Amino acid sequence: QYSAVDTNPLSVYIMQPIWNKIIKIVPLWIAPNLLTFSGFIMILFNYFLISFYDWDYTASGTSPGLVPTWVWLFSAFTTFCAYALDSIDGKHARRTQSSTPLGELFDHGLDSWATSIFVLSFFSVCSRDNGKTGVSVYTMYIYLSIVLFNFMCSHWEKYNTGVLFLPWGYDISQVVLIAAYLLTGTVGVEVWQKPLLFGYYITDLLVILLIGFSLFLSFPQTLYNIHRAHLKKTLKNDSLYEGLLPLVSPLLLFVLLTVWVVLSPSNILAKQPRLFLWMVGVAFSNVICRVIICQMSSTRPELFHWFLFPLALVVYAAISGLLGRMEEAALGVFTALLTAAHVHYGVCVGRQLSEHLNIYIFSLKKRVQE
């Protein structure tokens, strides 16, 4: 039984009334998962579109006109559409009486991947550091890691409490993203290259807000909700070991990736920031998907995720100098294999649940019993 709590005033008083009106125009024959997947495809297409014009995150800083204005406006449109579709899919499922565990996993699984894609697309707006403006690739890595950590905490919290306390940061971040794209499309990327307040740039303020929001609101709220469940004796896991188990693989993943970033002989993050950060997002998504499945099925998560071992080998070969000039090529091959494995994993789990629940993924029609 899916259980979620949303206390964000922005969501409750402003966005939810909008979604309640939009949902009325959605035809009843459309499957909720089709709405979810359509939103994901839109942000994925937008990401590849921005990547085409700005592969190395330098376009906004060194060549302000390289990314056409319509791309930023299109980004605002796709972000809003994806935000809307992700917000109404659950409402539509209840409306069509088609709520299933498959729908919950499909929604949250794609969210775990979309979270990183949203961030990676936004980096093209502010651009990487060029000595005068922009943010460093290391700041991008930290920024992405914090966002993914917050997402992980929400589902770790649900793993222990059985309730998903929807983070305030989601709605706020979506509105900020849409506003940022609209601002860039109407005013130009130059707005990100001028000090806004006390010598700080907009990007500096966003990073400060993100870190402050995570350290003083999001993570403390997660710990508080788990502690409250402990006092009420409603925790799903009695032992501390079982409760912390889902965090082991994500933390080890972060350690391995950080070691690669810091000790890379060729400074791999600076040479291939988009490829490396994409790999980070895919890796975290796969880890989080497995935690979500364990939470939904009340099963115990594995202590060490399987791809930590090949990743450890690649990192060792890179930092020890064994790869030499092949480090970038190794990153490309590893990223391609990891992405393919993640897609394969999602397809297999979706098909298994579809067959087990006797439903179709993208249709409301019932399967014929064999």
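Calculation criteria
Numbering of residues starts from 1 in each chain and follows the order in which that chain's sequence is written. Totals for whole chains, interfaces and linings use every residue, but because this is a predicted model, local features are given only for residues with pLDDT of at least 70 and side-chain atom pairs only at 80 or more, for both listing and counting. For side-chain calculations, the full set of non-hydrogen atoms in the structure is used, while hydrogens and water are omitted. UniProt positions are given in the numbering used here, feature names are shortened, and annotations may be inferred rather than shown by experiment. Nonpolar cores are built from buried Ala, Val, Leu, Ile, Met, Phe, Trp, Tyr and Cys residues. Side-chain atoms within 4.5 Å join them into one set. When accessible area is computed with a 1.4 Å probe and restricted to protein chains, residues below 20% of their type maximum are described as buried, those above 50% as exposed, and intermediate ones as partly exposed. Strands are runs of DSSP state E lasting at least 2 residues, helices are runs of H or I lasting at least 4, and numbering of each runs from the N terminus. Each salt bridge in this description consists of a side-chain nitrogen of Lys or Arg and a carboxyl oxygen of Asp or Glu lying within 4 Å of one another.

In the annotation of an unreviewed UniProt entry, the entry for the protein chain reads Ethanolaminephosphotransferase 1, and the organism field reads Leiothrix lutea. Here is the UniProt Sequence similarities (unreviewed entry) comment for the protein chain, exactly as written: "Belongs to the CDP-alcohol phosphatidyltransferase class-I family." UniProt lists a comment for the protein chain under the heading Subcellular location (unreviewed entry), and it reads "Endoplasmic reticulum membrane".

Describing the nonpolar core
The biggest cluster of nonpolar side chains holds 83 residues, and the ones touching the most others in it are Phe122, Phe123, Leu253, Leu257, Trp260 and Phe276. Sort the elements by how many residues they give to this core and helix 5 (residues 101-126) lands first, with 13 residues. Within the second largest apolar cluster, 14 residues are counted, among which are Phe151, Met152, Ile288 and Tyr345.

Overview of the pattern of salt bridges
For the structure shown, the criterion picks out four salt bridges. As a salt-bridge pair, Arg300 and Glu242 come within 3.3 Å of each other at their nearest N and O atoms. In this pair, Arg300 sits in the loop between helix 12 (273-297) and helix 13 (308-319) while Glu242 sits in helix 9 (residues 240-244), placing the two residues 58 residues apart along the sequence. In this structure, the salt-bridge partner of Glu302 is Arg290, at a minimum N-O distance of 3.8 Å. Separated by twelve residues along the polypeptide, Glu302 in the loop between helix 12 and helix 13 and Arg290 in helix 12 bring together distant segments of the chain.

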